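Residues per chain, in single letters:
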Amino acid sequence: MHVLGVAGPSDAGKTTLVERVCERLAERGRVATIKHCTHAPDVDTEGKDTARHRAAGAAVSYGLADDAWFATGGDRGLDETLDELARSYDYAVVEGYSGARIPTVALGGRDHAGRRLAAGETASDVDAAALVEALHDCEPYETLGSLVARIKASSDSDRAGAIATFTGRVRERDDHDDTPTEYLEFEKYEGVAEEQLATIRDDLCARDGVFEVALHHRTGIVEAGEDIVFVVVLAGHRREAFRAVEDGIDRLKEEVPLFKKEVTVEDAVWAHER
Amino acid sequence: MHWRLFATLAETAGEDRVSVDDAETVGEALDALLSAHPALESEVLDDDGSLVDHIRLLHDGDDPFAAGDGLDTPVSPGDELALFPPVSGG
C-alpha cells in the first residue's frame, strides 16, 4: 500500500488536493483515506442500536448494511489504522497528520516529518498527476498482513497448503541491564537493494513446491518494538515453507546492501562497528 | 562517474556522493576518491594499501572482484561505483 500525506493549514486546500489525488488513484486501485479530526465526529445518533451498544460499554461498534457501513469508536491512532488498511487497500491518503513519517505534500509552508514529494501554497500549485507518479517511486507501507494478503493472491494458491513467515523487530534490549535501544535507523543502497531482494525472491520461488515469496525491509527510523523486516512464503507443504523463510532472511542479512545504526539514550553506533 | 558512500564511510567523508573525472579503471577511480577524502584511507585500506577484506566495492551494482577484473576493471563516464562496510540489514 502506498501512503500519501497531505499537510497544511486549514485554508490551503488540503481536501481539494485529496479529492484530485483520490480520483486518479481510484483508477489504479483501492483507495482509503484518513482525516485528522480536531473534534469528535458526529456519526451516530443517540438511541440508535449502535449508539446504545457503545453506551453499554462496547469500545467499537460497526453498522453493516448490504452496500454501506460505518463504525464508531474511542481512541484510534494513525499507525494502527494504516496497519489495518495495508492488508486490503492499495493506497491510503492521509489528511492532516504532518508529524507522520510518510511521503507528504506540504501546502502553505507546513512543516512535516516525512519525505517531501511536492509543495505549494495551495492545492492549485500542485501537479496531481506528477504527484501520483512520484508516490509510486516511494517505498510502500507494508505489514505482515499486507504481505500475506499479497502471496495468498498467487495463482498457485489452490495448491498451497502452507504459509510460513518471519518478522524481524527492533529488540529494545538484549539483557535486563542493557541500555535500551530507542530506535534503529536503516540506510539502503536504492536500486541495488531492490535488485538483490528480487534475486533472493526469484531463487526461492524457483524451488520445487514454493509458489510465492515476499520480502520487505523498512528503511529510515524504526522504533523499539516495531517491525523491521518480513519474509513470507506460500508453499505446497510446510517443509519447503519453513526452509524458504529461513534461507530468505539469512540471505537478506548476508547480501542486501542495508546498513543499520542503533541509537540509545547514550550513543549512536553503526551495527558493523560492533 | 561517481562514488556512492554509505554508513561510516559517508560520515567520514562528510558526503554520500563523490564525483570523479578522468579515471579509466576501478583502481584509478578509487585513488581519486581517496585523494579527495584522505580520511577514508584508514577505513578502507590496510597496511599494504589494498582494500580491507570487509569493505565491499560495487561497480554499477556488480562486484568487479567476482565477475570482472577487480581494480583493473575499466570504467566509463556515467558509471556508478559504491563503497560500503559490511551490510547489516534484518
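The structure we're discussing is the one just above.
These figures come from a predicted structure and were not determined experimentally.

**Q** What's the story with the overall build of chain B in this structure? I'm lost.
**A** When its secondary structure is counted, chain B shows four helices and four strands. Listing each helix as α and each strand as β along chain B from the N terminus yields β-α-β-α-α-β-α-β. Here chain B has a C-alpha radius of gyration of 12 Å; the compact-globule value for 90 residues is 12 Å, and the two agree. With the C-alpha coordinates aligned to their principal axes, the bounding extent of chain B is approximately 30 × 30 × 25 Å. Classification of the 90 residues of chain B by burial places 52% in the buried group.

**Q** Help me understand a negative patch on the surface in this model?
**A** Judged by side-chain charge, D21, D22, E24, E28, D31 and E41 of chain B come together as a negatively charged surface patch. With respect to the helices and strands, E41 of chain B occurs in helix α3 (residues 41-44).

**Q** Would you mind showing me how to read the packing of aromatic side chains here?
**A** Counting across every chain of the model gives six aromatic pairs over all chains. Ring geometry for Y189 of chain A and F6 of chain B: centres 4.8 Å apart, planes at 45 degrees, overall tilted. You can see Y189 of chain A sitting in the loop between β9 (181-188) and α6 (192-205) and its partner F6 of chain B sitting in the loop between β1 (2-5) and α1 (7-13), one on each of two chains. The class of Y189 of chain A is buried, set by a relative accessible area of 0%. Taking the relative accessible area as the measure of exposure, F6 of chain B reaches 2% and is therefore buried. Following the ring pairs from residue to residue traces out a cluster consisting of Y189 and F259 of chain A together with F6 and F84 of chain B.

**Q** What is the right way to read the interface of chain A and chain B from this model?
**A** Where interface size is given, it is often the accessible area lost as the parts come together that is meant. Of the residues lining the interface, 23 residues belong to chain A; the matching set on chain B comes to 18 residues. Between chain A and chain B lies a buried interface of about 1,600 Å² when both sides are counted; carbon and sulfur atoms form 57% of it. Taken together, the connections running from chain A to chain B amount to two salt bridges. Here E190 of chain A makes a salt bridge to R4 of chain B, at a shortest N to O gap of 3.3 Å. Our count for the chain A to chain B interface comes out at ten residue pairs in polar contact (both at pLDDT 80 or more). Elements with a contribution of two residues or more to the side of chain A that touches chain B: β9, β12 (227-235), α7 (238-255) and β13 (258-264) of chain A. Across the side of chain A that touches chain B, the residue classes tally to twelve nonpolar, two polar and nine charged.

**Q** How do you make sense of the nonpolar core when you look at a structure like this?
**A** Most often, soluble globular proteins have nonpolar side chains that are buried together. Ranked by size, the top nonpolar core spans 25 residues in total, and within it V213, L215, I228, V233, A241, L252 and V256 of chain A carry the most contacts. Those elements that place two or more of their residues in this core are β8 (162-169), β9, α6, β10 (210-217), β12 and α7 of chain A. Sequence-distant contacts of V213 of chain A, defined by excluding residues within four places in its chain, comprise I151, R201, L204, C205, V232 and V233 of chain A. Residues L9, A29, L45 and V52 of chain B belong to the second largest nonpolar core, which totals 24 residues.

**Q** Explain the pattern of salt bridges here, please?
**A** As a working rule, side chains carrying opposite charge can pair if their charged atoms are close by. All names here are of chain A. For the coordinates displayed, the defined rule picks out 18 salt bridges over all chains. Of the charged contacts, one joins E194 and K188 as a salt bridge, the two residues approaching to 2.7 Å between their closest N and O atoms. Residue classification places K188 among the buried positions, given a relative accessible area of 19%. R207 is the partner of D247 in a salt bridge, and the nearest nitrogen-oxygen pair spans 2.6 Å. Of the two residues, D247 is situated in helix α7 and R207 in the loop between α6 and β10; the sequence distance between them amounts to 40 residues. Taken together, the shared-partner salt bridges connect E139, K188 and E194 into one network.

**Q** Help me out: how do you make sense of the side chain of T73 of chain B in this one?
**A** Residues and elements named next belong to chain B. On the secondary structure map, T73 appears in the loop between α4 (64-67) and β4 (80-84). Among the polar contacts made by the side chain of T73, one reaches the main-chain amide nitrogen of D69 at a distance of 2.9 Å. Every residue in contact with T73, bar those within four places of it in the chain, is listed here: E24, T25, V26, H59, P64 and G68.

**Q** In this structure, what is going on with unusual backbone geometry? I would like to understand it.
**A** Glycine aside, negative phi is the norm for most residues, and most peptide bonds take the trans geometry. Residue and element names in this part refer to chain B. Located in the positive-phi region is A7, a residue other than glycine, with phi close to 50 degrees. Tracing the sequence through the fold places A7 in helix α1. A relative accessible area of 1% means that A7 is categorised as buried. Within the chain, D22 stands out as a residue other than glycine whose phi angle is a positive 55 degrees. Given the relative accessible area of 77%, D22 is considered exposed.

**Q** Looking at this model, I keep getting lost on the sheet that holds strand β11 (residues 220-223) of chain A. Mind explaining?
**A** Strand pairs in the sheet, formed through backbone hydrogen bonds, run parallel or antiparallel to each other. Residue and element names in this part refer to chain A. The antiparallel open sheet is built from four strands, whose spatial order is β11-β9-β13-β14. With partners counted over all chains shown, the strands left at the sheet margins are β11 and β14 (268-270), one partner each. Each neighbouring strand pair of the sheet contributes to a mean axis angle of 25 degrees, computed without reference to strand direction.

**Q** Hey, could you run me through the environment of G209 of chain A in this one?
**A** Residue and element names in this part refer to chain A. Counting through the fold element by element, G209 comes out in the loop between α6 and β10. Given the relative accessible area of 27%, G209 is considered partly exposed. Each C-alpha atom of the pair G209 and L78 lies 38 Å from the other, and the pair is 131 residues apart in sequence.

Definitions and cut-offs
- For every chain, the first residue of its written sequence is number 1, and the numbers climb from 1 along that sequence.
- Both sets of labels track the order of writing: A upward for chains, 1 upward for ligands.
- Totals for whole chains, interfaces and linings use all residues, but because this is a predicted model, local features are given only for residues with pLDDT of at least 70 and pairs of side-chain atoms are given and counted only at 80 or more.
- The basis for every side-chain value is the complete set of heavy atoms in the structure, and neither hydrogens nor water enter the calculation.
- Strands here are runs of E lasting at least two residues and helices are runs of H or I lasting at least four, both read from the DSSP assignment and numbered beginning at the N terminus.
- Here the globule rule reads 2.2 Å times residues to the power 0.38, and the radius of gyration is calculated from C-alpha atoms.
- Residue exposure (1.4 Å probe, protein chains only): buried if accessible area is under 20% of the type maximum, exposed if over 50%, otherwise partly exposed.
- Patches here are clusters of residues that have more than 30% relative accessible area and form no salt bridge, with a 9 Å joining cutoff for like charges and a 5 Å cutoff for nonpolar side chains (Val, Leu, Ile, Met, Phe, Trp, Tyr).
- The accessible surface values rely on the Shrake-Rupley method and a 1.4 Å probe; as for residues, cover is taken only from the protein chains in view.
- The rule for a salt bridge is simple: a side-chain nitrogen of Lys or Arg has to be within 4 Å of a carboxyl oxygen of Asp or Glu.
- In this tally, Asp and Glu contribute negative charge and Lys and Arg positive charge; neither His nor the terminal groups of the chain are included.
- In this description, the location of a charge corresponds to atom NZ of lysine, CZ of arginine, CG of aspartate or CD of glutamate.
- Stacked, tilted and edge-to-face are the three classes assigned to paired rings of Phe, Tyr and Trp, where Trp is represented by its six-membered ring and a pair needs centres within 6.5 Å; plane angles under 30 degrees give stacked, over 60 edge-to-face, the rest tilted.
- Note on definitions: a residue-residue contact is assigned when non-hydrogen atoms from the two residues lie within 4.5 Å.
- Summed over both partners, buried area is the accessible surface (1.4 Å probe) that two parts give up on being assembled.
- Contacts described as polar in this section are N or O atom pairs within 3.5 Å, which, within protein, must combine one atom able to donate a hydrogen with one able to accept it, while residues neighboring in sequence count only if both atoms come from side chains.
- Each residue is assigned to one class: nonpolar for Ala, Val, Leu, Ile, Met, Phe, Trp, Tyr, Cys and Pro, charged for Asp, Glu, Lys and Arg, and polar for all the others, Gly among them.
- Side-chain atoms within 4.5 Å are what join buried Ala, Val, Leu, Ile, Met, Phe, Trp, Tyr and Cys residues into a set we call a nonpolar core.
- Strand pairing is assigned whenever DSSP detects at least two bridges linking the two strands.
- Axis definition: a line fitted to C-alpha atoms, over the contacting stretch in the case of helices. Angles run 0 to 180 degrees between N-to-C directions.

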